[in-house]
Amino acid sequence: MREFWDSFKKNITFEKIIVRLIMAWLLTAIVFFLKSGDTFNSAAFAADINVPMYACFMLLFFAFFCGLGYMKVFSWAEVYGPMILVTLYGLVTISSNTDVTYLVGILAVLAVSITYAASHTRTFAEINETKIVVIIYIIAAVFYMLIAGTFTVLRYVNYSAPGFDFGIWVQMFHNMKTTLEPVTTVERNMTLSHFAVHFSPIYYLYLPFYFFFPYPVTLQVLQVITVASGIIPVYLLCKKFGLSKSATACFGIIFALFPTVATGCYYDLHENCFLIPLILWLFYAIEKDDIKGIIILSLLTMLVKEDAAVYVACIGLFTIFGKRKYIKGTVMTVSAVVYFLVVTTLMQKYGLGVMTYRYSNFMVDGAGSLMDVIRNFVTNPAYAIAECFGSEKYPFLLYMFAPLGALPVATKKVSRFILLLPMLIINLATDYQYQYSIFFQYVFGVTAILFYLAISNYAELGEKSRRFMCSFAICAAFIIMPVASFSKSWYISSYSDGKEQIEVLNDAMKSIPSGASVGATTFFVPHLANRTELYEYPYKFDKSPLPDYLVIDLRFYKITEKDEEYFKENNYIETERVKGLYLICLLYTSDAAD
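What comes next is a walk through the structure. (Residues numbered from 1 in each chain as written. Predicted model: local features only at pLDDT ≥ 70, side-chain atom pairs only at ≥ 80, totals over all residues. Heavy atoms only, no water.)

## Details of unusual backbone geometry
Argument step 1. In this model, phenylalanine 164 is joined to aspartate 165 through a cis peptide bond whose omega is 20°.
Argument step 2. Within the element layout of this structure, aspartate 165 appears in helix H8 (residues 163-179).
Argument step 3. Proline 538 follows tyrosine 537 through a cis peptide bond whose omega is 0°.
Argument step 4. Mapped onto the elements, proline 538 comes out in the loop between strand E4 (534-536) and strand E5 (549-553). (Helix = DSSP H or I, 4+ residues; strand = E, 2+ residues; numbered from the N terminus.)

## Examining the packing of helix H12 (residues 245-257) against helix H23 (residues 463-480)
Argument step 1. Their axes nearest at 9 Å, the elements H12 and H23 cross at an angle of 25°. Taken together, the axes of H12 and H23 lie roughly parallel to each other. Here H12 runs over H23; the crossing is left-handed. Packed against H12, whose contacting residues are Cys250, Ile254 and Leu257, the element H23 presents Cys470, Ala473, Ile474, Ala477 and Phe478 at the interface. (Axes fitted to C-alpha atoms, helices over the stretch in contact; angles between N-to-C directions. Parallel < 35°, antiparallel > 145°, perpendicular 65-115°, else oblique. Left-handed = near helix turned anticlockwise from the far one by under 90°. Contact = heavy atoms within 4.5 Å.)

## Structural notes on the pattern of salt bridges
Argument step 1. For the structure on display, the rule yields ten salt bridges.
Argument step 2. Note that lysine 413 and glutamate 460 form a salt bridge whose closest N and O atoms lie 2.9 Å from each other. With lysine 413 in the loop between helix H20 (394-401) and helix H21 (421-428) and glutamate 460 in the loop between helix H22 (444-458) and H23, this residue pair connects regions lying 47 residues apart in the sequence.
Argument step 3. With a closest N to O distance of 3.1 Å, glutamate 574 and arginine 577 form a salt bridge.
Argument step 4. The partly exposed category is assigned to glutamate 574, whose relative accessible area is 46%.
Argument step 5. On the basis of relative accessibility, which here comes to 41%, the residue arginine 577 falls in the partly exposed class.
Argument step 6. It is possible to trace a salt-bridge network through shared partners that takes in Asp289, Lys325 and Lys328. (Salt bridge = Lys/Arg side-chain N within 4 Å of Asp/Glu carboxyl O. Buried < 20%, exposed > 50% of the residue type's maximum accessible area, 1.4 Å probe, protein only.)

## Considerations on the nonpolar core
Argument step 1. Core analysis: the biggest nonpolar cluster contains 184 residues, and Leu107, Tyr144, Phe173 and Phe251 have the highest contact counts within it.
Argument step 2. Ranked by residues supplied to this core, first place goes to H22 with eleven residues.
Argument step 3. Setting aside residues no more than four positions away along its own chain, phenylalanine 251 makes contact with Tyr137, Val234, Cys238, Leu243, Leu407, Phe451, Ala454, Ile455 and Tyr458. (Core = buried A, V, L, I, M, F, W, Y, C linked by side-chain atoms within 4.5 Å.)

## Description of a nonpolar patch on the surface
Argument step 1. A surface patch of nonpolar side chains, amounting to about 550 Å² of accessible area, comprises Val134, Ile138, Val142, Met145, Leu146, Val221 and Ile225.
Argument step 2. Sorting the residues of the nonpolar patch by element identifies helix H7 (130-157) and helix H10 (216-228) as the ones contributing at least two each.
Argument step 3. With five residues, the top contributor of residues to the nonpolar patch is H7.
Argument step 4. For isoleucine 225, a relative accessible area of 44% translates into the label partly exposed. (Patch = residues over 30% accessible without salt bridge, like charges linked within 9 Å, V, L, I, M, F, W, Y side chains within 5 Å. Areas by Shrake-Rupley, 256 points an atom, 1.4 Å probe, with all protein chains shown as cover.)

## A short note on the sheet that holds E5
Strand pairs in the sheet, formed through backbone hydrogen bonds, run parallel or antiparallel to each other.
Argument step 1. The five strands lie next to each other as E4-E3-E5-E7-E6, forming an open sheet whose pairing is mixed. The open sheet is flanked by E4 and strand E6 (572-578), the only strands paired with a single partner. Across this sheet, the average inter-strand angle for adjacent strands is 20°, counted without regard to direction.
Argument step 2. Sheet analysis places strand E3 (residues 518-520) next to E5, joined by three bridges and oriented parallel. Across the sheet, residue glycine 519 finds its bridge partner in E5, namely leucine 550. (Pairing = 2+ DSSP bridges.)

## Let's talk about the environment of serine 246
Argument step 1. Inspection of the secondary structure assignment puts serine 246 in helix H12.
Argument step 2. A relative accessible area of 9% places serine 246 in the buried class.
Argument step 3. Considered as a pair, serine 246 and threonine 301 are 55 residues apart in the sequence and their alpha carbons are 31 Å apart.
Argument step 4. Those residues in contact with serine 246 that lie beyond four places of it in its chain are Ala125, Glu126 and Ile127.

## Description of the side chain of asparagine 457
Argument step 1. Structurally, asparagine 457 can be placed in helix H22.
Argument step 2. In this structure the side chain of asparagine 457 is engaged in a polar contact, spanning 2.7 Å, whose partner is the side chain of arginine 416. (Polar contact = N/O pair within 3.5 Å; in protein donor to acceptor, adjacent residues only side chain to side chain.)

Here it is as structure tokens:
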């Protein structure tokens, strides 16, 4: 009897009662939220709750947790329970309130729950076998590829991928397959090399795959595989920095769940996808002091895009001041600067120039050059800081740092902050909203840098800081998942509900002769891009070609009087129309009449 009483007193302490009540409350809140299927953003939610029923559920769950307390096998429940349930509550509610202030609030509560867990255990889950870590990495990579691959492929299949930019890439690869030239007519309504807009020779690495599988979805799948391959250097970097097997596994999971790894793909293919694996491999080559690797990977990174030289230059500076590899770092930095100047000069002379308008916030009347940006940073730093850290940038910063537990800035080594310069230059200094949105391709390069910083900083932290920050990172990544990685899950229901409509549209696209020139509204462009001459209608860039066919998407485009006048003036005759779906017009000529 005495043993039972001692066990009872040990199990029913004031602290344990409070923790169990909190866990019971959280679990009850989750159940009632899921049961209601409604938003919690108003007082009406609580008014509709059956309070006696709510109390009964709390008591039931409290009793359940008290019962678990007597079982040694579940001793972990009271330590990790609050952290797990806060994460689960955030996961199920975040879709109903995507405002960044709510996310900050739920992450603050998460931090408290993790602090409690960290104070009651010396170590979190331990992994002792390399085989288990490898399996976790494989599962994480497959999970990511299934999610991102499914959503991006369905985006195209559902006729939701626009002409800008996916239609450009499909037509460009069609022409590369036949002529080896990266030529498009979609991009500027005239025959033009894409390299006149962005210098991206890296695309040729995809050409062999596209040659054998010449389908638009091939490009979407290749992008997802390319990004997923970044998990390999993540694993190698963790080993290089001597991280435990548990910590290594955590970084693999975080990589698969990290918002921008998936969301960067959701605006279809872009050359920036190469930046994640290339930059991570470059860091690994630097850590291994592999000269050949540094040279090859620096060159490949610069071939991604004209502005990719910024990453190499900044990594070169870090190599000088942070790694004390003066010759290698200097060569990297100088080469990157020279490459950038040469390429942008050639683009200015033979192409369409550099898109300086994306930094119009640093230019008088929105016109000027990149020198105006530098001038502002040097002579008016207050304005530069205000532009870089305006309130519209807060969501971007939260989504980038929270799922890594703020590890990228958890260091006393000032030299590592050099690696944040690309984020400052490419994502924060601009007023071009897409560059500081996690749903576009401009996040890939910075994502790779942040992972390197997180891994290298983690290796130098104390055990308590490691446990807290790594746990926070994984939990935050799970919470953010519904509004990031799973933000395009509606493509699945859209495909399921619209199969018949999709089949009708597919038949309509196939009815257009492959040798004909076409003008099409944006969501039809990628499906008609296997031809030499294709334009997006309504026409842009003050150019009005006269293609053989016009194919109008009546789902989203409303025919106006201006369109009717254009059809009439240019002798376009309607040949087929399905109400609410599409309209096909043929340019009437003597040949067409025959």
